[in-house]
Amino acid sequence: NYGTICLSRAAATIEGATMYRIVGGNASEGITIEEVTSMEAGKPYIFQASADQITVTMTGARADVQNANGLIGNLGESAMAVPTDAYVLSNNLLYLVDSDVIIAPNRAYIDMDAITPVAPAQGAKRRVIATYNQATGIEDASATFVGPEKIFENGVLYILRDGVKYNATGARVQ
């Protein structure tokens with residue numbers, strides 16, 4: 001549901017999405033975003049869709065693209081290449097660009113090196129978008145059971161002890 005948007009004019013109304021700005025982040029933890037109630041001309045934003053279609057009614061004068069705390073927008077007429085070592089938002093995760101990637105007009109990418117932490121706005125909702133493929137250690141977790149184990153198989157309780165399977169009453173099962 002997350003995406004990026006960059007418009008040349010300010011938004012008078014926004015329907016079908018909640019808009020966010022970047023307030024902090026790094027490559028290992030992802031980014032922290034904070035809800036905003038308006039969109040400035042030329043500034044890119046991250047949105048979370050709440051409908052199948054997003055409708056933005058624009059107002060005011062056109063503006064050139066502006067850096068928005070690491071969020072770099074594309075206001076050009078055509079797609080633009082994303083620099084290597086930048087991040088793109090796809091499938092609700094941030095992906096490191098390490099090959100040829102382009103973004104469409106009115107979209108944005110993230111330069112983690114350009115993010116400066118911002119003090120929280122009072123009452124604003126914050127969220128975190130993680131970077132893809134972060135090490136959690138879960139894959140390396142293992143457990144060694146020394147004693148008997150209880151298992152359920154097809155809704156029946158069995159006890160495994162020394163490689164032999166027993167039912168709940170203690171009778172040996174093949």
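See the structure printed just above.
Residues numbered from 1 in each chain as written. Predicted model: local features only at pLDDT ≥ 70, side-chain atom pairs only at ≥ 80, totals over all residues. Heavy atoms only, no water.

Draft legend 1. Broad picture of the environment of Ile103. Structurally, the position occupied by Ile103 is in strand E11 (residues 102–103). For the pair formed by Ile103 and Thr37, sequence separation is 66 residues and the distance between their alpha carbons is 25 Å. Each residue touching Ile103, except ones within four places of it in the same chain, is listed here: Asn74, Ala79, Met80, Val82, Val88, Ala108 and Tyr109. (Helix = DSSP H or I, 4+ residues; strand = E, 2+ residues; numbered from the N terminus. Contact = heavy atoms within 4.5 Å.)

Draft legend 2. Up close: the environment of Ser50. Tracing the sequence through the fold places Ser50 in the loop between strand E5 (44–49) and strand E6 (55–59). On a C-alpha basis, the gap between Ser50 and Ala17 in space is 5.1 Å, while along the polypeptide they are 33 residues apart. In this structure, Ser50 is in contact with Gly16 and Ala17, ignoring residues within four places of it in sequence.

Draft legend 3. The packing of aromatic side chains, seen in detail. Under the criterion given, the structure shown has 1 aromatic pair. Lying over the aromatic face of Tyr158, Lys165 brings its terminal NZ or CZ to 4.9 Å of the ring centre. (Phe/Tyr/Trp six-rings, centres within 6.5 Å; stacked < 30°, edge-to-face > 60°. Lys NZ or Arg CZ within 6 Å of the ring centre and 35° of its normal.)

Draft legend 4. A look at unusual backbone geometry. For Asp85, which is not glycine, the phi torsion reads 75° and is therefore positive. Secondary-structure assignment places Asp85 in the loop between strand E8 (80–81) and strand E9 (87–90). Not every positive phi belongs to a glycine, and Asn92 is a case in point at roughly 65°. Positionally, Asn92 belongs in the loop between E9 and strand E10 (93–96). Classification of Asn92 as partly exposed rests on a relative accessible area of 33%. (Buried < 20%, exposed > 50% of the residue type's maximum accessible area, 1.4 Å probe, protein only.)

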